[in-house]
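# Coordinates in review
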Amino acid sequence: MKCMKYCLIGLTLSTWITTGSAEPVPFDSERWEFQDGEHRVEQYAGQQSLYLKGSKAFLSDVEFANGIIEFDVLFPSELTTLKDTRSFVSGIFRLQDNDNFEKYYMRPHRTPADVDGAQYVPEYNGWSSWELFWENHITKVNFIHDKWIHIKLMFANTQLEVYFDDMETPLLRAELKREVKPGKVGIKVDPEPPTAFAYFANFSYEITDTPPFKQPPLVINDAPPGTVMNWQVSDPFVEAEVKDKLELRESDRSQRTWKGLDADKDTGITNLAMLYKITPQGGGDGKNTVFARTVIQSDTNQLKELQFGFTDIARLYLNGRLMYKEDNTFRSRNPTFMGNVGYFNKIYLPLKPGANELWIAVTGLFASWGLKAKLTDFTKVAFSTDQTGNLEAVDGPAGCMASYSLDGKVHIPCIAVPNGDSPAAGVTVFQVDMIQKGLQNYNFDLDLDSIRPRNEEPLTPINSHQYLMISRFAKGTTQEQTAPYSEEEAAMAWKYYQEGLYRFMWGRTDQPGVIVIMESNSEAEAREAVNAMPLVAKGLVEYDLVPLDYFFPLDALFSSK
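Notes on the structure in this doc start here. This is a predicted model, so every value here is computed, not measured. (Residues numbered from 1 in each chain as written. Predicted model: local features only at pLDDT ≥ 70, side-chain atom pairs only at ≥ 80, totals over all residues. Heavy atoms only, no water.)

On to the overall build of the protein chain. A tally of regular secondary structure across the protein chain gives eight helices and 35 strands. The buried share of the protein chain, taken over its 561 residues, is 47%. A sequence separation of at least 24 residues applies to 72% of the contacts in the protein chain between residues at least 6 apart. With the model as given, the accessible surface of the protein chain reaches about 27500 Å², and the carbon-plus-sulfur share is 53%. (Helix = DSSP H or I, 4+ residues; strand = E, 2+ residues; numbered from the N terminus. Buried < 20%, exposed > 50% of the residue type's maximum accessible area, 1.4 Å probe, protein only. Contact = heavy atoms within 4.5 Å. Areas by Shrake-Rupley, 256 points an atom, 1.4 Å probe, with all protein chains shown as cover.)

Right, let's get into helix H5 (residues 486–499). Taking 1.5 Å of rise per residue, the 14 residues of H5 would be expected to cover 20 Å, and the 20 Å separating its terminal C-alpha atoms lies within 8% of that figure. Of the residues making up H5, those classed as buried are Glu489, Ala491, Ala493, Tyr496 and Tyr497. Gly500 sits one or two positions beyond H5 and adopts a positive phi of about 90°. (Expected span 1.5 Å × (residues − 1).)

Think of a sheet as strands paired side by side through backbone hydrogen bonds, with each pair either parallel or antiparallel. The strand order across the open sheet built from four strands is S33-S34-S32-S35, with neighbouring strands paired in antiparallel fashion. Sheet topology places strand S33 (502–507) and strand S35 (541–548) at the edges, where each strand pairs with a single neighbour. Sheet twist, expressed as the mean angle between neighbouring strand axes with direction ignored, is 20°. Direction of pairing for strand S32 (residues 465–473) relative to S35: antiparallel, over a ladder of eight bridges. Residue pairing in the sheet places Ile470 in a bridge with Asp544 of S35. Most of the contacts of helix H6 (residues 523–531) go to S35, to which it runs at about 160°, and overall it touches S32, S33, strand S34 (514–520) and S35. (Pairing = 2+ DSSP bridges. Axes fitted to C-alpha atoms, helices over the stretch in contact; angles between N-to-C directions.)

Moving on, we get to the layout of surface pockets. Roughly 1100 Å³ of internal volume is contained in the second largest pocket. Taken together, 43 residues line the second largest pocket, and the ones lying closest to its centre are Ser128, Trp130, Asp190, Phe366 and Ala367. Among the elements of the structure, strand S8 (100–106), strand S9 (114–123) and strand S14 (184–189) are those that each provide at least two residues to the lining of the second largest pocket. Residues that form the lining of the second largest pocket fall into these classes: 17 nonpolar, twelve polar and 14 charged. (1 Å grid on protein atoms, 1.4 Å probe; cavity = no way out; pocket = protein on both sides within 12 Å on 5 of 7 lines; lining within 4 Å. Points joined across faces, edges and corners; volume = space filled by probe spheres on them. Nonpolar A, V, L, I, M, F, W, Y, C, P; charged D, E, K, R; others polar.)

The next thing to look at is the nonpolar core. Judged by nonpolar contacts, the single largest core of 47 residues is most densely connected at Val73, Phe75, Met106, Ile187, Phe200 and Phe203. With seven residues, the single largest contributor to this core is strand S15 (residues 198–207). Those residues within four positions of Ile187 in sequence are excluded, and the remaining contacts are Phe27, Leu50, Leu52, Ser55, Lys56, Ala57, Phe71, Ser90, Ile92, Phe200 and Phe203. Trp127, Val228, Leu351 and Leu371 belong to the second-largest nonpolar core, a separate cluster that totals 31 residues. (Core = buried A, V, L, I, M, F, W, Y, C linked by side-chain atoms within 4.5 Å.)

Here we have four strands laid out as an open sheet, ordered S19-S26-S21-S24, and antiparallel in their pairing. Only two strands of the sheet have a single partner each, and these edge strands are strand S19 (270–271) and strand S24 (345–351). As defined by bridge partners, strand S21 (residues 302–311) adjoins S24 across seven bridges and the pair is classed as antiparallel. Each bridged residue has a counterpart across the sheet, and for Lys304 the counterpart in S24 is Leu349.

Moving on, we get to the pattern of salt bridges. For the structure on display, the rule yields 27 salt bridges. Across the pair Asp266 and Lys177 runs a salt bridge, and its minimum N-O distance is 3.0 Å. Highlighted residues: Asp266 in the loop between strand S18 (258–262) and S19 and Lys177 in the loop between strand S13 (172–175) and S14, separated in sequence by 89 residues. Lys177 sits in the buried class, given a relative accessible area of 15%. Among the salt bridges present, the one from Arg508 reaches Asp510, with a minimum N-O distance of 2.8 Å. Judged by relative accessible area, Asp510 falls into the exposed class, the value being 56%. (Salt bridge = Lys/Arg side-chain N within 4 Å of Asp/Glu carboxyl O.)

Limitation: the analysis is restricted to geometry and does not speak to function.
Structure (structure tokens):
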């Protein structure tokens, strides 16, 4: 009995070391284990073959981290005539369990040759992550039906080479994303759609730390400066908890548990599926959403462009206020929309001096669950290792109670002003002061100098003159001409507003243009600022600047009557 025990241990360990030769495994061998779907061993197209339909097959008695797997695959032409012609056929390796492995999958329904016919993806907790890792991992393949095609996967450490029919030139080279860890090997046909199937033949494997790669290792560069490389990620919760949430409270932080999660070192992608196994489409317990948060330290009041991508739905909060909401789900915009993650979204963050807390609620619905984000200009800012910022938007009822003093002054700390027509645009919470006109009645004047976003430092009244600026399109200008400059125009307008140069802004409804109340030390200074606006500088917008003065109160004219 003692000999049998140690012999078995030795047999298991022997599968982890270099063998140096390929070992074929017939599909009628008891070494194969099958999960899900249908399978059968039969003669097909001149080969002893394995038929798989919505099933996974892997070797149960061998695990290794580095080596080679090879097999033949045949895609029947009848796949192209089925009601649902999609199919996903894979070679898998470093399999830890049913939901965690490395995968190279082929889509034979993408014929003739298509740019995304095949792809490498790391599978975490049942999420394939193909929308996250698509750049440099997708290959164009010309699938031929009713013909045996030879596939070879060579992998060692973080390097992968894939050969498709041509054994001399790799079809794909990729950096492997999962931890380098021994695992099982096998083949797979996804259960969705339920009509998909394929035939396999001549499976073999070789355990070796030095596969004969044809190409040198890929050169992997670090993600660009300004990329968020670490997030604090909350425990999952149901999306309904944030569906209509315009502001975050401190309780939103305290009721969650948090884990640190690093982004991929070269792509900057943070794969949320690495932390949690959740059910897409809100199935199971429905908890398919997490908060990812970081803190941006800013030296001053400034506006910074944040570029980001995500899947599938994101809600972005800055210092507790909802700034952005978007649905990026596969096919959500049109039948060909893929929902791939890239720096396809941007927003301008109004940063304050000190800690600025950025939260993104990310909801997973389909095949991938993750995000990436970077600041395009990172001067005078830094990502903080202290992951506590300032959720300032709501302090509770007492913090938003208006107060009246006996000298006739009213302080109103919370006035929610919508940022747009859509609820998803969020609100900005302002505070203002009112001054009682006379102690005999309750008429009040608004103190213009007091208006500011809540918890900001009071604006220093450095400008002594007010001007009315009325803008309009120059003759012949079209929306198409102005569109390339719209983001730059908005960014500069926000900068002027932060500086107190623009005090109030309105859009015109009679024609394209804006009306702005400006405060400046001189008309020349005001004109210089307006002339620097991109649309004015390009000659696409004209304006009038009208000096203003305080109007003599009408009630004073009739006070004696």
